[in-house]
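# Structure assessment
One letter stands for each residue in the lines below.
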Amino acid sequence: MSRIGVAFDKARADGRAVLVGCMPAGFPTVEGSIAAMTAMVEAGVDVIEVEIPYSDPVMDGPVIQKASDIALAGGVRTADTLRIIEAVAATGAPVVTMTYWNPIEQYGVDAFARDLAAAGGTGLITPDLIPEEADEWLAASDAHGLDRTFLVSPSSTDARLRMTVEHCRGFVYATAIMGVTGARAQTSGAAPILVSRLREVTDLPVGVGLGVGTGAQAGTVAGYADGVIVGSALVRCLLDPPDEAAGLTALRTLSAQLAEGVRNPVR
């Protein structure tokens, strides 16, 4: 079983959801991103999702786009991301990587899978790669023992849900809303229905992302999902404050509030 699977099993035994916190690699700097993700783990985030910055992030909203632009302007490369993953994995928290497909093709699919596994990564979330076009990744992930997480949305047909989850390993990512990422005033009413539909076709854990930004929202989503995925709200903690120290303080505070939320699900 993958380390992600172990994390979900442990949380389920504790009667709660897993908290997945996302941060772009190299934001605000390589060392700064390691410090930020380590702070998230120390504050109660269960799983770290490291995003490889990309110049054309079709799913990311303005907050993560801005953070990725800062990382790219600072010269971060895929090799730096692997070093960040290794450092964060050393905390003991499972580390999953979110990436658009072009950087992996440029690196070499099998070579990246090999190096990701060697760095301690658990697998990939691939928002712009669908199972029908993923043969090379399916083979590489099998060869190197990595999980693969594909996305489903409220518009996915039952047949598509079934086909997608058959190709997932670790967990399945349910996008709670149609559109790009970003914290919202209310979580999506479509998300519980999507999770319920997934329960009918898979025993895999279901993580819900897009829109969660507060501890209360995390508790609401934790009431019906196995995992709560938070990105933009955490990234904003580092974007808005006047300096890095204040940003880390804000990041620890929000991470702790989100952790409290998933540990007290609203059912």
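What you are looking at is a predicted structure, and each value in this text was computed from that prediction instead of being measured. (Residues numbered from 1 in each chain as written. Predicted model: local features only at pLDDT ≥ 70, side-chain atom pairs only at ≥ 80, totals over all residues. Heavy atoms only, no water.)

### Section: the overall build of the protein chain
When helices and strands are tallied, the protein chain shows 12 helices and 9 strands. Relative to its length of 267 residues, the protein chain is compact, with a C-alpha radius of gyration of 17 Å against a globular reference of 18 Å. Taken over the C-alpha atoms alone, the protein chain extends approximately 45 × 40 × 30 Å along its principal axes. Expressed as a percentage of its 267 residues, the buried residues of the protein chain come to 59%. Put simply, 72% of the contacts in the protein chain that link residues at least 6 apart link residues at least 24 apart. Here the protein chain holds 19 positive side-chain charges and 31 negative ones, and the gap between their average locations is 5 Å. (Helix = DSSP H or I, 4+ residues; strand = E, 2+ residues; numbered from the N terminus. Rg over C-alpha atoms; globule rule 2.2 N^0.38 Å. Buried < 20%, exposed > 50% of the residue type's maximum accessible area, 1.4 Å probe, protein only. Contact = heavy atoms within 4.5 Å. Lys, Arg positive; Asp, Glu negative; His and termini not counted. Charge placed at Lys NZ, Arg CZ, Asp CG, Glu CD.)

### Considerations on the sheet that holds strand β6 (residues 151-152)
Reading across the sheet, the 9 strands line up as β5-β4-β3-β2-β1-β9-β8-β7-β6 and stay open at both edges, with parallel pairing between neighbours. Looking at which strands have only one partner, the edges of the open sheet turn out to be β5 (147-149) and β6. Strand contacts of helix α7 (residues 135-144): β4 (123-125) and β5, with the helix running at about 145° to β5, the strand carrying the most contacts. Running over the sheet, helix α9 (residues 190-199) touches β6, β7 (172-175) and β8 (206-209) and is turned about 160° from β8. (Pairing = 2+ DSSP bridges. Axes fitted to C-alpha atoms, helices over the stretch in contact; angles between N-to-C directions.)

### Quick notes on the packing of helix α4 (residues 78-89) against helix α6 (residues 109-119)
Where α4 contacts α6, the two axes come as close as 8 Å, and the packing angle between them is 30°. In terms of orientation, α4 lies roughly parallel with respect to α6. Only Phe112, Asp115, Leu116 and Ala119 of α6 make contact with α4, whose side of the interface consists of Thr78, Leu82, Ile85, Glu86 and Ala89. A breakdown of the residues in the contact of α4 with α6 according to their chemical character gives 6 nonpolar, 1 polar and 2 charged. (Parallel < 35°, antiparallel > 145°, perpendicular 65-115°, else oblique. Nonpolar A, V, L, I, M, F, W, Y, C, P; charged D, E, K, R; others polar.)

### A look at the UniProt feature "active site" (unreviewed entry) in the protein chain
The UniProt entry lists Glu49 and Asp60 under the feature "active site" (unreviewed entry), expressed in the numbering used here. Those residues in contact with Glu49, other than ones at most four positions away along the chain, are Val20, Gly21, Cys22, Met23, Val96, Met98, Ile125, Tyr173 and Ile229. Inspection of the secondary structure puts Asp60 in the loop between β2 (47-51) and α3 (62-73). For Asp60, a relative accessible area of 2% corresponds to the buried category. (UniProt positions renumbered as here; feature names shortened; annotations may be inferred.)

### Observations regarding the packing of aromatic side chains
All chains considered together, the criterion is met by 4 aromatic pairs. When the ring of Phe8 is compared with that of Phe171, the centres are 5.6 Å apart and the planes differ by 40°; the resulting orientation is tilted. In this pair, Phe8 is assigned in helix α1 (residues 3-13) and Phe171 in the loop between α8 (158-167) and β7, connecting sequence segments 163 residues apart. As far as burial versus exposure is concerned, Phe8 and Phe171 are alike and both buried. (Phe/Tyr/Trp six-rings, centres within 6.5 Å; stacked < 30°, edge-to-face > 60°.)

### Focus on the pairing of β7
Alternating positions in β7 separate into two faces, Val172 and Ala174 on one and Tyr173 and Thr175 on the other, with burial throughout. Looking at chain direction, β6 and β7 are connected through 2 bridges and run parallel. Paired with Val152 across the two strands is Ala174, which belongs to β7. In this view, the connection linking β6 to its parallel neighbour β7 by way of α8 has right-handed handedness. (Right-handed = clockwise from strand over helix to strand, strands pointing away.)

### As for the side chain of Ser68
With respect to the secondary-structure elements, Ser68 resides in helix α3. Contacts of Ser68, omitting those with residues within four sequence positions, involve Pro24, Glu51, Pro53 and Tyr54.

### Some remarks on unusual backbone geometry
One can expect most non-glycine residues to show negative phi and most peptide bonds to be in trans. A cis geometry characterises the amide bond from Phe27 onward to Pro28, with omega recorded as 0°. Looking at where Pro28 falls in the secondary structure, it is placed in the loop between β1 (18-24) and α2 (30-42).

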